[in-house]
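# Secondary and tertiary structure notes
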Amino acid sequence: MFASRLAVAVVLVAACGEAPCPRMMARADHRGAARACALAFERTGDLQAGVWAAEAHLAMGQHERAAAIAEKLGQGPRAADARRLLGRATLAMGQLHRGRAMLEDSLQLQLARGDHAGAYAAAAALVTNLWIHNDFDEALRFAEIARDEAQSSGAPGLHARSLIALGSVFHAIGDSERALAAYTQASAKLPSTASLDLADVLLRRGVLLLSERQYAVARPLLEQGRGLAAKAGAHELVLAAEVNLADIALAHGDFDVAASHLQRAEAAWRAGGDPSPSQGVLLNRAILARRQGDPATAATALAALAATSPPPEVAWIVAQERGHLARDGDDLEAAERAYLEAIDIVERMWRDESPEELRAPFFEDRWEPYLSLFSLRLQQKDARAAWALSLIHI
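Please read these numbers as outputs of a predicted model, since none were measured by experiment. In this numbering scheme, every chain counts its residues from 1 along its sequence in written order. Restriction of local features to residues with pLDDT of at least 70 applies here, the model being predicted, together with a cutoff of 80 or more for giving and counting side-chain atom pairs; totals for whole chains, interfaces and linings are based on all residues. Derived side-chain values reflect all non-hydrogen atoms in the structure, with water molecules and hydrogen atoms excluded from consideration.

Moving on: the overall build of the protein. What counts as a helix is a DSSP run of H or I of at least four residues, what counts as a strand is a run of E of at least two, and both are numbered from the N terminus. Tallying secondary structure elements over the protein gives 22 helices and zero strands in all. To sort residues, take the accessible area from a 1.4 Å probe on protein chains only and compare it with the maximum for the residue type: under 20% means buried, over 50% means exposed, and anything in between is partly exposed. By the burial criterion, 49% of the 394 residues in the protein qualify as buried. Accessible surface, the protein: about 18,000 Å² in total, of which carbon and sulfur atoms supply 54%. The method behind every accessible area is Shrake-Rupley, applied with a 1.4 Å probe, and residues are considered shielded solely by the protein chains displayed.

Listed below in structure tokens is the structure:
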């Protein structure tokens, strides 16, 4: 999720004056905020400064530093925030069970206190992680909790962000109608000054339309969202816009345009301060190289992507791309193994992680490896196996 706390930070700037820490948080200057807020926390014990310092480090991918600051917030009045921040940091470091437990603890503490905004923040963090790991049933449950708590908080900005998160879950499981409805509701609740959230919802609408191959409608939404994100210095949103604009260029065979978008995406990723490679950039570089007839570069990018331990939603595409590379190289047996691997990942996601009532649209959005295997078996002159595949998966 790309939800921003800019609106909250702006309000706090007015309350706290022009101190460097809140001022830097208000303009999403994460590097400056990490230094200034950590210093304020150490010198004065200001708990809000500690929370901001941890959030700034999280935004830059400095998860161990964020966790260390969250630990110092301790068991005092910001214990629920400490657990939320520590949960996010430990999840980012691969400690899945501990991270989720921390976030659920934070949620329960906030619910017990009647802190609707805090409960929203904890539930929203759980939605993000569950969505990334394709646990859509649980993601949907926590997205609904986040929406209800945000609505109860009386803050239109939080309510809008909760609707964006809910829409993202519906989109991931293939329910485009409900996703678009949630995004539309979110847009209506956002003031014109909420640049980051407006950029976020524009990008999500663009990605949804892109997934439905409505490129002419998707492109201006992505470009508008990119412009708002760039003005606000939101590198992660610029990255998302450029990667998806590269997808559109690839769909049209505009390889030079796609390469230009990917260069800008990499620049945005580096500017964000995260030292790990961008999965979206690596995947698109692999697709671009394959389509340009450079299998070695494509294979290198796929290997680098696989080394990042991608979630299932990315892993099946990696397997499929490896199948395409093998097929292009006339290694039909390797291509079949790769396509079958992609299908296996999709079907495990479908069985285990998609809400029962939404399994059909989920499956339809991940149909490509079946088509690839069907086509391959026809190429192998195995029409009987191709027909059997079509019967099994109708």
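What follows picks up the thread again.
Glancing now at unusual backbone geometry. With a phi angle near 65 degrees, Arg-213 is a residue other than glycine that sits in the positive phi range. The residue Arg-213 is located in the loop between helix 12 (195-211) and helix 13 (215-232) in this model. According to the relative accessible area criterion, Arg-213 is exposed, its value standing at 60%.

On to helix 7 (residues 96-113), then. Here the expected length of a helix is defined as 1.5 Å per residue gap, with one fewer gap than residues. For helix 7, which comprises 18 residues, the first-to-last C-alpha distance of 26 Å matches the rise-based estimate of 26 Å (1.5 Å per residue) to within 8%. Listed as buried for helix 7 are Gly-99, Arg-100, Met-102, Leu-103, Ser-106, Leu-107 and Gln-110. For helix 7, the angular spread of buried residues about the axis comes to 155 degrees, placing them on one side. Across from the buried face of helix 7, at angles greater than 90 degrees, the exposed residues are His-97 and Ala-112. Looking at the buried residues of helix 7, the elements they touch are helix 6 (79-92), helix 8 (116-132) and helix 9 (136-153). One or two residues past the end of helix 7 sits Gly-114, with phi positive at roughly 75 degrees. Here the arc refers to the directions that run from the helix axis out to each C-beta atom. By the convention used here, residues are in contact when the closest approach between their heavy atoms is within 4.5 Å.

Looking now at the state of the cysteines. Here, the term disulfide refers to a pair of cysteine sulfur atoms separated by no more than 2.5 Å. This structure, assessed with the given rule, holds one disulfide. Disulfide pairing places Cys-21 opposite Cys-37 at an S-S distance of 2.0 Å. Between Cys-21 and Cys-37, the S-S dihedral sits near 100 degrees, and the bridge is therefore right-handed. Separated by 16 residues along the polypeptide, Cys-21 in helix 2 (residues 20-26) and Cys-37 in helix 3 (residues 30-44) bring together distant segments of the chain. Like Cys-21, the residue Cys-37 is buried in the burial classification.

Any two side chains of opposite charge can pair, on the condition that their charged atoms come close. One speaks of a salt bridge when a side-chain nitrogen belonging to Lys or Arg is within 4 Å of a carboxyl oxygen belonging to Asp or Glu. Going through the model one piece at a time under the given rule, you end up with 14 salt bridges. Glu-138 is the partner of Arg-141 in a salt bridge, and the nearest nitrogen-oxygen pair spans 2.9 Å. One end of the pair is Arg-141 and the other is Glu-138, both in helix 9 and three residues apart, which spans about a single turn. With a relative accessible area of 38%, Arg-141 lands in the partly exposed category. Several salt bridges converge on common partners, so that one network encompasses Glu-55, Arg-78, Asp-81 and Arg-84.

As a further point, take a negative patch on the surface. Together, Asp-328, Asp-330, Asp-331 and Glu-333 line one region of the surface with negative charge. We classify Asp-331 as partly exposed; its relative accessible area is 38%. Exposure above 30% relative accessible area and the lack of any salt bridge qualify a residue for a patch; like charges then connect within 9 Å, and the nonpolar side chains Val, Leu, Ile, Met, Phe, Trp and Tyr within 5 Å. Here Asp and Glu are counted as negative and Lys and Arg as positive; His is not counted, and neither are the chain ends. Note that the charge is assigned to NZ on lysines, CZ on arginines, CG on aspartates and CD on glutamates.

Each aromatic ring pair is characterised by the separation of its centres together with the angle its planes make. Ring pairs shown here join Phe, Tyr and Trp side chains whose ring centres sit within 6.5 Å, with only the six-membered ring taken for Trp; geometry is labelled stacked below 30 degrees between planes, edge-to-face above 60, and tilted in between. Within the structure shown, the criterion is met by zero aromatic pairs. A ring has a charge above it when a Lys NZ or an Arg CZ is no more than 6 Å from the ring centre and no more than 35 degrees off the ring normal. Lying across the ring of Phe-142, Arg-141 places its NZ or CZ 4.4 Å from the centre.

Turning to the packing of helix 5 (residues 63-73) against helix 6, a few remarks are in order. Running from N to C, helix 5 and helix 6 point in directions that differ by 155 degrees, and their axes come no closer than 8 Å. Considered as vectors, helix 5 and helix 6 are oriented roughly antiparallel to each other. Classified by chirality, the crossing of helix 6 by helix 5 is left-handed. Taken together, the residues of helix 6 that come into contact with helix 5 (itself represented by His-63, Ala-66, Ala-67, Ala-70, Glu-71 and Leu-73) are Ala-82, Leu-85, Leu-86, Ala-89 and Ala-92. By residue class, the composition of the contact of helix 5 with helix 6 is nine nonpolar, one polar and one charged. Here, axes are lines fitted to C-alpha atoms. For helices the fit covers the stretch in contact, and angles between N-to-C directions go from 0 to 180 degrees. Under this scheme an angle from 65 to 115 degrees is roughly perpendicular, one under 35 degrees roughly parallel, and one over 145 degrees roughly antiparallel; angles in between are oblique. Two helices that cross are described as forming a left-handed crossing if the nearer one is turned anticlockwise from the farther one by less than a right angle, and a right-handed crossing if clockwise. Just so you know the grouping, Ala, Val, Leu, Ile, Met, Phe, Trp, Tyr, Cys and Pro go in nonpolar, Asp, Glu, Lys and Arg go in charged, and all remaining residues, Gly too, go in polar.

Attention shifts here to helix 13. The terminal C-alpha atoms of helix 13, which comprises 18 residues, lie 25 Å apart, in line with the 26 Å expected from a rise of 1.5 Å per residue. Of all the residues in helix 13, the buried ones are Tyr-215, Ala-218, Leu-221, Leu-222, Gly-225, Ala-229 and Ala-232. Taken down its axis, helix 13 places every buried residue within 130 degrees of arc, on the same side. Within helix 13, the exposed residues directed more than 90 degrees away from the buried face are Ala-216 and Lys-231. For helix 13, the secondary structure elements touched by its buried residues are helix 12 and helix 14 (235-251). Immediately downstream of helix 13, the backbone of Gly-233 shows phi near 70 degrees, a positive value.

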